[in-house]
Amino acid sequence: MEGKALNVTKVPGSYTAFYVDQQINSFLNDARAFHAAGFTREETAEALGKLEPAQVELLDTGRASGEMSAYGFYFRYVPYLFLSVLCYVMGNVISAFRKGDLPKRMRACAVSGRRQSVEGLLAAATLGLCLWALSIAGAFFWYRDSLTERGGVVYFLLNTLLMMLVALTISYLVGLFVHGKNAVNTLNGIVNVLSLGLCFLCGVFVPLEIMSKRVKAVSQFLPVYWYEVVNEYLVEFGNVTGEAKQAVLQGLGMQLIFVAALVCVTLTVSKWKRV
């Protein structure tokens, strides 16, 4: 059974050649095992002919089948929808309030500047909630059966809601820096760079598992990254419990921290602009 090595003709570097080599080596290893156990050549050949692929039964740990579901892709691209739509809409609205004598009239009114900023954020939140409701309605319209059969629907709602708040505060902050005659062109450039940049770095367009460690180390300082981490856990696990639940709650908490920080920055920039 030791024999000489088999002469094999193959295309150098092709993946099919490596696959065939693996099958041949597996066959020869089985033959050597039978021979070492005392089988004759005839008995070894007969035993090899009766071999069947092993039946593997996986332990159910609450994970899905390993393939990204359709609604998983739907929720993956939600950040790009929120960022692009809200930044365009809110940017144009806020820049309109900064044209002509309107800013001077607003500063001269009896309503304090902080209250104006807070009420502006609340008005923007109304728009954001409408967009969030439409996106959730679309998810249940197309994937109602899949979502209701799986666990973690509440976490999907919380994750998308926090992502909407993140996009909303970013869009309000972007609107504060857009003004002048070329406001539209400036807004288009900022929105394209911001939305596409965040989505490419944080796993929206490129899955996190194939991104390098250096890119993911930078992405951890961005809110969209934590949204995608939570989304992957929710898609991968049917029932969010144990360590998966802790990871989901951590991702939601990080997004909430980003929302609070962005609100503070927005109020500070708004006050600075008025001064």
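Scoring rules and cut-offs
Residues numbered from 1 in each chain as written. Predicted model: local features only at pLDDT ≥ 70, side-chain atom pairs only at ≥ 80, totals over all residues. Heavy atoms only, no water. Helix = DSSP H or I, 4+ residues; strand = E, 2+ residues; numbered from the N terminus. Buried < 20%, exposed > 50% of the residue type's maximum accessible area, 1.4 Å probe, protein only. Contact = heavy atoms within 4.5 Å. Areas by Shrake-Rupley, 256 points an atom, 1.4 Å probe, with all protein chains shown as cover. Disulfide = S-S within 2.5 Å. Axes fitted to C-alpha atoms, helices over the stretch in contact; angles between N-to-C directions. Parallel < 35°, antiparallel > 145°, perpendicular 65-115°, else oblique. Left-handed = near helix turned anticlockwise from the far one by under 90°. Nonpolar A, V, L, I, M, F, W, Y, C, P; charged D, E, K, R; others polar. Phe/Tyr/Trp six-rings, centres within 6.5 Å; stacked < 30°, edge-to-face > 60°. Core = buried A, V, L, I, M, F, W, Y, C linked by side-chain atoms within 4.5 Å.

Student: How should the overall build of the protein be read in this particular structure?
Tutor: Per the secondary structure count, the protein includes 11 helices and 0 strands. Along the chain direction, N to C, the helices and strands of the protein fall in the order α-α-α-α-α-α-α-α-α-α-α. Here the protein holds 275 residues, and the buried ones make up 37% of them. Within the protein, residue pairs in contact and separated by at least 24 positions form 75% of the contacts whose partners lie at least 6 positions apart. On the protein, roughly 17300 Å² of surface is accessible, and the fraction owed to carbon and sulfur atoms is 62%.

Student: Can you walk me through the state of the cysteines in this structure?
Tutor: In protein chemistry, a disulfide is the covalent bond that joins the sulfur atoms of two cysteines. Taken as a whole and assessed by the stated rule, the structure comprises 0 disulfides. Here Cys 199 stays free of any disulfide, with the sulfur of Cys 202 as its closest cysteine sulfur at 7.7 Å. Judged by relative accessible area, Cys 199 falls into the buried class, the value being 0%.

Student: How should I be thinking about the packing of helix 4 (residues 78-96) against helix 8 (residues 183-201) in this particular structure?
Tutor: The packing of two helices is summarised by the inter-axis angle and the distance between the axes. Contact geometry for helix 4 and helix 8: axes closest at 10 Å, N-to-C directions at 160°. One finds that helix 4 runs roughly antiparallel with respect to helix 8. Read as a crossing pair, helix 4 and helix 8 show a hand that is right-handed. Contacts between helix 4 and helix 8 involve Pro 79, Tyr 80, Leu 83, Ser 84, Cys 87, Tyr 88, Gly 91 and Asn 92 from the former and Leu 187, Asn 188, Val 191, Asn 192, Leu 194, Ser 195, Leu 196, Leu 198 and Cys 199 from the latter. When grouped by side-chain class, the residues that make up the contact of helix 4 with helix 8 number 11 nonpolar, 6 polar and no charged.

Student: Any chance you could explain the packing of aromatic side chains here in plain terms?
Tutor: Each aromatic ring pair is characterised by the separation of its centres together with the angle its planes make. This model, assessed by the stated rule, comprises 8 aromatic pairs. Each ring, one from Tyr 225 and one from Trp 226, has its centre 5.2 Å from the other, and the planes form 85°; the classification is edge-to-face. For the residue pair Tyr 225 and Trp 226, the accessibility class agrees, reading buried in each case. Put simply, the rings of Tyr 74, Phe 75, Tyr 143 and Phe 156 pair up and form one aromatic cluster.

Student: Got a minute to help me understand the nonpolar core in this structure?
Tutor: Nonpolar side chains tend toward joint burial in soluble globular proteins. Formed by 58 residues in total, the largest nonpolar core has its most connected members in Phe 75, Phe 82 and Ile 170. If you list the elements that add at least two residues to this core, you get helix 3 (70-76), helix 4, helix 6 (113-149), helix 7 (153-176), helix 8, helix 10 (223-236) and helix 11 (242-274). In terms of residues, this core owes the most to one element, helix 7, which gives 13 residues. Not counting the four nearest positions on each side in its chain, Phe 82 is found in contact with Cys 87, Leu 131, Trp 132, Ser 135, Thr 160, Met 163, Met 164 and Ala 167.

Student: How do you make sense of the environment of Val 229 when you look at a structure like this?
Tutor: Looking at where Val 229 falls in the secondary structure, it is placed in helix 10. Linking Val 229 and Arg 76, residues 153 residues apart in sequence, is a C-alpha distance of 9.9 Å.

These values are about where atoms sit, not about what they do.
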